[in-house]
Amino acid sequence: GAGVSQTPSNKVTEKGKYVELRCDPISGHTALYWYRQSLGQGPEFLIYFQGTGAADDSGLPNDRFFAVRPEGSVSTLKIQRTERGDSAVYLCASSSPNNEQFFGPGTRLTVL
Amino acid sequence: AQSVTQPDIHITVSEGASLELRCNYSYGATPYLFWYVQSPGQGLQLLLKYFSGDTLVQGIKGFEAEFKRSQSSFNLRKPSVHWSDAAEYFCAVVLTGGGNKLTFGTGTQLKVEL
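All values derive from a computational prediction rather than experimental measurement. Each chain carries its own residue numbering, running from 1 in the direction its sequence is written. Chain letters start at A and ligand numbers start at 1, both assigned in the order the entries are written. In keeping with the predicted nature of the model, local features appear solely for residues at pLDDT of at least 70, side-chain atom pairs appear and are counted solely at 80 or more, and the whole-chain, interface and lining totals rest on all residues. For the side-chain quantities, the full set of heavy atoms in the structure was used; hydrogens and water were omitted.

Colleague: Help me understand the layout of surface pockets, please; the structure alone is not making it clear to me.
Modeller: By rolling a water-sized probe across the atoms, one finds the places where empty space is left. Cavities and pockets are found on a 1 Å grid laid over the protein atoms alone: a cavity is a set of points where a 1.4 Å probe fits but cannot escape, a pocket is an open set with protein on both sides within 12 Å along at least five of seven lines, and a lining residue has an atom within 4 Å of such a point. Grid points are joined across faces, edges and corners, and a volume is the space filled by probe spheres set on the points. Reported here for the largest pocket is a volume of approximately 510 Å³. The wall of the largest pocket is formed by 24 residues, among which Gln37, Leu39, Val89 and Arg108 of chain A together with Gln38 of chain B lie closest to the centre. In this classification, the charged set is Asp, Glu, Lys and Arg, the nonpolar set is Ala, Val, Leu, Ile, Met, Phe, Trp, Tyr, Cys and Pro, and all remaining amino acids, among them Gly, are polar. In terms of residue class, the lining of the largest pocket is made up of eight nonpolar, 14 polar and two charged.

Below is the structure:
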């Protein structure tokens, strides 16, 4: 079956702009996770959804970052007033409860 | 501070040689332990995991890892490396009672010489 997909695969934007990154999880997976991977680092947790609600958003770095999952499937990570330091690969993963997380290929965000 | 440490940033081995990638964690309780592999342009793929029980766990692609509580380590091993194993390897933990979020080490880049 289809895995986790993320769009776009690459996004280049200018400092100060707003961006949206989309994640389509594996069908039937109730849990969805966002991670951010900076160059030379391991992925860092951002936010976790169980169904439609954010069960843990402790990893969001500041209030410019927001994520939604209105129907419990697709999720969108939204970044306002982007800064150069936001440049990274944003990874999405999904899982059935307490089971293995399956990762998407990521969206590479570059802020000029 | 709580952390996951992968001391080796880069490792180079010859094809056919054995491999060991190190991982240490620093937490009060034993977390759930994982190894992931990331190839260029690919998503992270789970190699193996340890929750409890037998401390030697077998994974995919011929990898295994051994949990050693006394050393707070979970090292990844493979007896004979193939050129296709060249990739970046991440150790990760999930804290018990901490939801299911993964905390990753900084990764080890494996190069395989033919």
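Colleague: Can you help me understand the nonpolar core in this one?
Modeller: Buried together is how nonpolar side chains tend to be arranged in soluble globular proteins. Counting residues in hydrophobic clusters, the biggest one holds 27 residues, and the most contacted among them are Leu19, Trp35, Leu47, Leu48, Phe74, Leu76 and Tyr89 of chain B. Strands are runs of DSSP state E lasting at least 2 residues, helices are runs of H or I lasting at least 4, and numbering of each runs from the N terminus. Elements supplying a minimum of two residues to this core: strand 2 (10-14), strand 3 (19-21), strand 5 (32-38), strand 6 (45-50), strand 8 (64-68), strand 9 (73-78), strand 10 (87-94) and strand 12 (108-113) of chain B. Ranked by residues supplied to this core, first place goes to strand 10 of chain B with four residues. Whether two residues are in contact is decided by their heavy atoms: any pair within 4.5 Å suffices. Once residues lying within four places of it in the same chain are set aside, the contact partners of leucine 19 of chain B are Ile11, Val13, Phe63, Leu76, Arg77, Lys78, Val81 and Leu110 of chain B. Only buried residues count toward a nonpolar core. Its members are Ala, Val, Leu, Ile, Met, Phe, Trp, Tyr and Cys residues joined through side-chain atoms within 4.5 Å. Buried means the residue's accessible area, taken with a 1.4 Å probe over protein chains only, is under 20% of the maximum for its type, while exposed means over 50%, and partly exposed covers the values in between. Among the nonpolar cores identified, the runner-up in size contains 20 residues, and Val19, Ile26, Leu60 and Cys92 of chain A belong to it.

Colleague: What should I look at first to understand the pattern of salt bridges in this one?
Modeller: When a carboxyl oxygen of Asp or Glu is within 4 Å of a side-chain nitrogen of Lys or Arg, the pair counts as a salt bridge. This structure, assessed with the given rule, holds eight salt bridges over all chains. With a shortest N-O distance of 3.2 Å, arginine 77 of chain B and glutamate 64 of chain B are connected by a salt bridge. One end of the pair, arginine 77 of chain B, is in strand 9; the other, glutamate 64 of chain B, is in strand 8, with 13 residues separating them in the sequence. Note on arginine 77 of chain B: relative accessible area 24%, which makes it partly exposed. Three or more residues joined by partner-sharing salt bridges are found here, namely Arg64, Glu83 and Asp86 of chain A.

This is a description of form; function is not addressed.
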